[in-house]
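Residue-level listing of the chains:
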Amino acid sequence: MDITAITNLYQNTPVKDYKNTVSIPTNNSEDFGAIFDSVMNMVGETNTLQNKASAEEIKFALGEADNAHDLMIAQQKAGIALQYTVAVRDRFLQSYQTIMNMQI
């Protein structure tokens, strides 16, 4: 499953392959751009894990890999990363709706 199309909605640059873990700044002085960049990095990492899981599935189906553990580990990593990304998205949308419903 390739989710890079999501990034085109938000920015014109492609998502880079990040090897470090994603950390969302917790300091109140951080601006929205830094938080948004962290989330976009998380989307890129999730996409990378999804692609690795797909590659492991293909290797296993073609008989190139005989170790089912690698396949299961790749699938679990991709699944957890996707669940986390969806949870962050849901929280963001909930926050946005709360802000939009505020009376000024």
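Remember, predicted model here, so these are calculated numbers, not experimental data.

A closer look at the pattern of salt bridges
Under the definition given, this model contains 1 salt bridge. For Arg89, the salt bridge goes to Asp90, with nearest N and O atoms at 2.7 Å. Classification of Arg89 by relative accessible area gives partly exposed; the value is 45%.

Considering the side chain of Thr46
Locating Thr46 in the fold gives a position in helix 2 (residues 32–62). What makes Thr46 buried here is its relative accessible area of 2%. Within polar-contact distance, the side chain of Thr46 engages the side chain of Thr85 at 2.7 Å.

Digging into the environment of Val88
Structurally, Val88 can be placed in helix 3 (residues 68–100). In the structure, Val88 is positioned 46 residues away from Met42 in sequence and 9.8 Å away in space, judged by C-alpha atoms. Setting aside anything within four residues of it in sequence, one finds Val88 in contact with Val39 and Met42.

The rules behind each value
Throughout, residues of each chain are indexed from 1 in the direction in which the sequence is written. For this predicted model, a pLDDT threshold of at least 70 governs which residues receive local features, and a threshold of 80 or more governs which side-chain atom pairs are given and counted, while totals over whole chains, interfaces and linings are taken from all residues. In computing side-chain properties, one takes all heavy atoms of the structure into account and sets aside hydrogens as well as water. Think of a salt bridge as a Lys or Arg side-chain nitrogen and an Asp or Glu carboxyl oxygen that are within 4 Å of each other. Buried, partly exposed and exposed residues are distinguished by accessible area as a fraction of the type maximum, computed with a 1.4 Å probe on protein chains only: under 20%, between the cut-offs, and over 50%, respectively. Put simply, DSSP marks the helices as runs of H or I at least four residues long and the strands as runs of E at least two long, and each gets a number from the N terminus on. Between N or O atoms, a polar contact is any pair within 3.5 Å; within protein, one atom must be a potential hydrogen donor and the other a potential acceptor, and residues adjacent in sequence are included only when both atoms are from side chains. By the convention used here, residues are in contact when the closest approach between their heavy atoms is within 4.5 Å.

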